[in-house]
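# Results of the structural survey
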Amino acid sequence: MGELVSANAGHAARPRRAVTATAVRGLCRFAAARGIPASQEFLLDYDVIEAFCVTGLPGCAPSTRGTYRSALYRLARPVHGEPGQRATPFAGAKAPPPYSPAERAGLAAVAAAQRDPARRASALAMVVFGIGAGLRACELVALRGSDVIRHGRRVSVHVSGPAARVVPVTAAYAGRAAGLAAAAGHAHLFRPGPAGRGYKNFVTSFARTLAADPAAPPLTAGRCRSSFICGHLAAGTPVAELLAITGICQAESLARYARHVDGAPAKATLRAWDKHRQAR
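So, a few notes on the structure that sits alongside this text. (Residues numbered from 1 in each chain as written. Predicted model: local features only at pLDDT ≥ 70, side-chain atom pairs only at ≥ 80, totals over all residues. Heavy atoms only, no water.)

Counting its secondary structure elements, the protein contains 14 helices and 3 strands. Across its three principal directions, the C-alpha atoms of the protein cover 65 × 45 × 35 Å. Per-residue burial for the protein yields a buried fraction of 38% across its 280 residues. Accessible area of the protein: about 14,900 Å², with a carbon and sulfur share of 56%. Averaging the coordinates of the 36 positive side-chain charges in the protein and doing the same for the 15 negative ones gives two points 7 Å apart. (Helix = DSSP H or I, 4+ residues; strand = E, 2+ residues; numbered from the N terminus. Buried < 20%, exposed > 50% of the residue type's maximum accessible area, 1.4 Å probe, protein only. Areas by Shrake-Rupley, 256 points an atom, 1.4 Å probe, with all protein chains shown as cover. Lys, Arg positive; Asp, Glu negative; His and termini not counted. Charge placed at Lys NZ, Arg CZ, Asp CG, Glu CD.)

Running from N to C, helix H7 (residues 117-131) and helix H9 (residues 171-184) cross one another at 135 degrees; their axes reach a closest spacing of 10 Å. It follows from the interaxial angle that H7 and H9 lie oblique. The handedness of the crossing between H7 and H9 is left-handed. For the pair H7 and H9, contact is made by Ala-121, Leu-124, Ala-125, Val-127, Val-128, Phe-129 and Ile-131 and by Tyr-173, Arg-176, Ala-177 and Leu-180, respectively. Split by residue class, the contact of H7 with H9 holds 10 nonpolar, no polar and 1 charged. (Axes fitted to C-alpha atoms, helices over the stretch in contact; angles between N-to-C directions. Parallel < 35°, antiparallel > 145°, perpendicular 65-115°, else oblique. Left-handed = near helix turned anticlockwise from the far one by under 90°. Contact = heavy atoms within 4.5 Å. Nonpolar A, V, L, I, M, F, W, Y, C, P; charged D, E, K, R; others polar.)

Now for the pattern of salt bridges. Under the criterion given, the structure shown has 8 salt bridges. Taking the shortest distance from any N to any O, the salt bridge between Arg-69 and Glu-50 comes out at 3.2 Å. Here Arg-69, found in helix H5 (residues 62-80), pairs with Glu-50, found in helix H4 (residues 46-55); they are 19 residues apart in sequence, far enough to count as distant. Given the relative accessible area of 11%, Arg-69 is considered buried. Residue Arg-277 pairs with Asp-274 through a salt bridge whose shortest N-O separation is 3.9 Å. Of the two residues, Arg-277 and Asp-274 both sit in helix H14 (residues 267-279), 3 residues apart, roughly one turn of that helix. For Arg-277, a relative accessible area of 33% puts it in the partly exposed group. Judged by its relative accessible area of 4%, Asp-274 falls in the buried class. Salt bridges here are not isolated pairs; linked through shared partners, they connect Arg-136, Glu-139 and Arg-165. (Salt bridge = Lys/Arg side-chain N within 4 Å of Asp/Glu carboxyl O.)

What follows deals with the sheet that holds strand S3 (residues 165-168). Here 3 strands make up an open sheet; going across it, the order is S1-S2-S3 and the pairing antiparallel. The sheet is open, and its two edges are formed by strand S1 (148-151) and S3, each paired on a single side. Across this sheet, the average inter-strand angle for adjacent strands is 25 degrees, counted without regard to direction. (Pairing = 2+ DSSP bridges.)

With that settled, consider the side chain of Arg-165. With respect to the helices and strands, Arg-165 occurs in strand S3. For Arg-165, a relative accessible area of 9% corresponds to the buried category. A distance of 2.9 Å separates polar atoms of two side chains, one belonging to Arg-165 and the other to Glu-139. Of note is the side chain of Arg-165, whose polar atom sits 2.8 Å from the backbone oxygen of Ile-245. When sequence neighbours within four positions are dropped, the list of residues in contact with Arg-165 reads Gly-134, Leu-135, Arg-136, Glu-139, Val-157, His-158, Val-159, Arg-225, Ala-244, Ile-245, Thr-246 and Gly-247. (Polar contact = N/O pair within 3.5 Å; in protein donor to acceptor, adjacent residues only side chain to side chain.)

Examined against the element boundaries, Arg-119 turns out to sit in helix H7. Each C-alpha atom, one on Arg-119 and one on Pro-192, is 9.8 Å from the other, the two residues being 73 residues apart in sequence. Contacts of Arg-119, omitting those with residues within four sequence positions, involve Gln-114, Phe-206, Thr-209 and Leu-210.

In terms of nonpolar packing, the biggest core is built from 55 residues, with Met-126, Phe-129, Val-157, Phe-190, Leu-219, Leu-233 and Leu-254 touching the most fellow members. Looking at this core, the element that brings in the most residues is H7, giving 8 residues. Apart from residues no more than four positions distant in its own chain, Phe-129 is found in contact with Gly-134, Leu-135, Leu-140, Leu-143, Val-148, Val-157, Ala-177, Leu-180 and Leu-189. By size, the runner-up hydrophobic cluster in this structure holds 18 residues, among which are Ala-31, Tyr-46, Leu-57 and Tyr-73. (Core = buried A, V, L, I, M, F, W, Y, C linked by side-chain atoms within 4.5 Å.)

Residues spaced three or four apart along an α-helix point in a common direction, a consequence of the helix completing one turn every 3.6 residues. In this model, H5 (19 residues) spans 25 Å end to end at C-alpha, consistent with the 27 Å of a helix rising 1.5 Å per residue. If you look at H5, its biggest bend is around 30 degrees, right at Arg-74, and the proline Pro-78 turns up within four residues after that. When H5 is considered as a whole, its buried residues turn out to be Arg-65, Gly-66, Tyr-68, Arg-69, Ala-71, Leu-72, Tyr-73, Leu-75 and Ala-76. Among the residues trailing H5, Gly-81 stands out with phi positive, at a value near 80 degrees. (Expected span 1.5 Å × (residues − 1). Bend = angle between axes of the 7 residues up to and from the residue.)

Right, dumping it as structure tokens:
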């Protein structure tokens, strides 16, 4: 059975093969220790997979458990069809803290101080479209000047990709967003020109090379996005609107950020919001 499952794992998308193989090996060991028959019918039973991911991975982070479960579910679907019940929720990784107002001003100053014009524009794009529009790193990489639309004083970003949406840029960054877009034209706003945009750490690697005060907080896409989301939570933006502009699917996922905001909705409240929406 182990060889057969490993063979099935080989049909997963290439970047996932190593993770799938590791998950399968762990599942096989877990099942063998409990006398579970080594056949597809039993080994890839959703209850067995759940037991493995919940109790059979001591010391593993919730994100790792979720990754293994996703890999094993892909193998189980051809055997058992779609799962009949919701999987056990794992705690999400803690959201990075938002930048303080002073830190945001400092980051903007660091970006503007880069000597090379192209690096300066890219660093400013990280700040402006991260803190001002909440773009993920992969969304920033794909953003072009023509994706930024201005209507009077209001500036919006048309985000493409799996979480396509229109995001209104916060007022404090709207002018700079429009200026960067006008200068870029149809070109990419972040590191324009030929580049390996599919590289996982394309944004992170760039940010690490910025000239900055060693005592200043590092510029990261994660903290920029967190600043945008936490700002809207603090402002009381309705949950439905916040989900729409952030590309987040479930309100409960906002709880990762709400822990940084006094007066933000509690996790139980956000979970109840999800249930109410599903019931409609």
